[in-house]
Amino acid sequence: MNHLIIKKFPNSCLRKKAEKVKKISYAEKELLSEMAKIMYLNEGVGLAATQVGINFQLVVIDIGQGLIKLINPEIISREGKQTSEEGCLSVPGTVVKVKRAEKVNLNFLDENGNASRLRTEGLLARVVQHEMDHLSGKLIIDYLNPIKKLLIKRKKS
Ligand code: NI
């Protein structure tokens, strides 16, 4: 596999809605491990496939408690609220305060295709929601007011 490159805002691939993975083959497994590699290399805590220009619902996360690989993640419940500053490997140098649910439960497939469930809270819940935003083409700057967003866009393009 060619080395993956993290796409940066305003690259249009970051705005694409990722498709569901229909069949998990060697290619998807390989992609997940390459994504993990590049996430660690860049000292990120999560990476979505859309960030490397691949339009499928694949996510890797590691907040220091071990690597989690998510295929077709789907949030089934949300509870509570948390607000904290977030950065993003695709929007380097920018930190945005984002309000998220404190706890989320999700369904996903593991890399062997097993239907799985994950309960998350705090930072892990935050990262899950951040990465799932990527899968629907949403970025942290979308949480800013329009003027701040415009200033960042000007600076980056
Ligand atoms: Ni991000």
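For the structure itself, consult the block above.
Remember, predicted model here, so these are calculated numbers, not experimental data. Each chain has its residues counted from 1, following the order in which its sequence is written. Note on the predicted model: pLDDT of at least 70 is required for a residue's local features to be given, and 80 or more for side-chain atom pairs to be given and counted; whole-chain, interface and lining totals, by contrast, use all residues. To obtain the side-chain values, all non-hydrogen atoms of the structure were used and water was disregarded.

Which residues make up the overall build of the protein, and what values go with them?
Helix numbers and strand numbers start at the N terminus; a helix is a DSSP run of H or I with at least 4 residues, a strand a run of E with at least 2. Secondary structure summary: the protein contains 3 helices and 7 strands in total. Sequence-ordered secondary structure for the protein, helices as α and strands as β, is α-β-β-β-β-β-β-β-α-α. Computation of the radius of gyration draws on C-alpha atoms alone. For the globule rule, the value is 2.2 Å times the number of residues to the power 0.38. Over its C-alpha trace the protein gives a radius of gyration of 15 Å, about what one expects of a compact globule, namely 15 Å for 157 residues. Principal axes of the C-alpha set define a box for the protein whose edges measure 45 × 40 × 25 Å. With 157 residues in all, the protein has 46% of them scored as buried. Type-normalised accessible area, obtained with a 1.4 Å probe on protein chains alone, sets the label of each residue: buried when under 20%, exposed when over 50%, and partly exposed for intermediate values.

Residue-level account of the side chain of Ser-116, with values.
You can see Ser-116 is positioned in strand E7 (residues 115–121). At a separation of 3.0 Å, a polar atom in the side chain of Ser-116 contacts the main-chain carbonyl oxygen of Asn-114. Those residues in contact with Ser-116 that sit more than four places away from it in its chain are Leu-106, Asn-107, Phe-108 and Asp-110. Nitrogen and oxygen atoms within 3.5 Å of one another constitute a polar contact, given that in protein one can donate a hydrogen and the other can accept it, and given that sequence-neighbouring residues count only through two side-chain atoms. Residue contacts are defined here by distance: any two heavy atoms, one from each residue, within 4.5 Å place the two residues in contact.

Please give an account of helix H2 (residues 122–135) that cites residues and values.
Helical geometry: 3.6 residues make up each α-helical turn, so side chains three or four residues apart lie on a common side. Helix length check: H2 (14 residues) gives 20 Å between terminal C-alpha atoms against 20 Å at 1.5 Å per residue, within 8%. In terms of residue burial, H2 counts as a mostly covered element, since 13 of its 14 residues are buried. Note on H2: the residue one or two positions beyond its end, Gly-137, has a positive phi of about 80 degrees. For a helix, the expected span equals 1.5 Å multiplied by the number of residues minus one.

Give a description of the coordination of the nickel ion that names residues and reports values.
Donor atoms (N, O, S) are those found within 2.8 Å of the metal centre, with the cutoff raised to 3.2 Å for Na, K and Ca; water is not part of the atom list, so apparent gaps in a site can occur. Of the protein atoms, only Cys-88 (SG), His-130 (NE2) and His-134 (NE2) coordinate the nickel ion, at distances of 2.1 to 2.2 Å. Counting gaps between the donor residues of the nickel ion yields the pattern C-x41-H-x3-H. Here His-134 lies in helix H2 and Cys-88 lies in the loop between strand E4 (82–86) and strand E5 (96–100), a separation of 46 residues in the sequence.

Which residues make up the sheet that holds strand E3 (residues 68–79), and what values do they have?
Two strands pair under a simple rule: DSSP has to find at least two bridges between them. Taken together, the 5 strands give an open sheet; going across it, the order is E1-E2-E3-E6-E7, and neighbouring strands pair in antiparallel fashion. The sheet is open, and its two borders are formed by strand E1 (46–48) and E7, each paired with just one other strand. Here the average twist between neighbouring strands, direction ignored, is 40 degrees. As paired elements, strand E6 (residues 103–109) and E7 share 7 bridges and run antiparallel to each other. Across the sheet, Asn-105 pairs through a bridge with Arg-119, a residue of E7. Angles run from 0 to 180 degrees between N-to-C directions of axes, and those axes are lines fitted to C-alpha atoms, restricted for helices to the stretch in contact.

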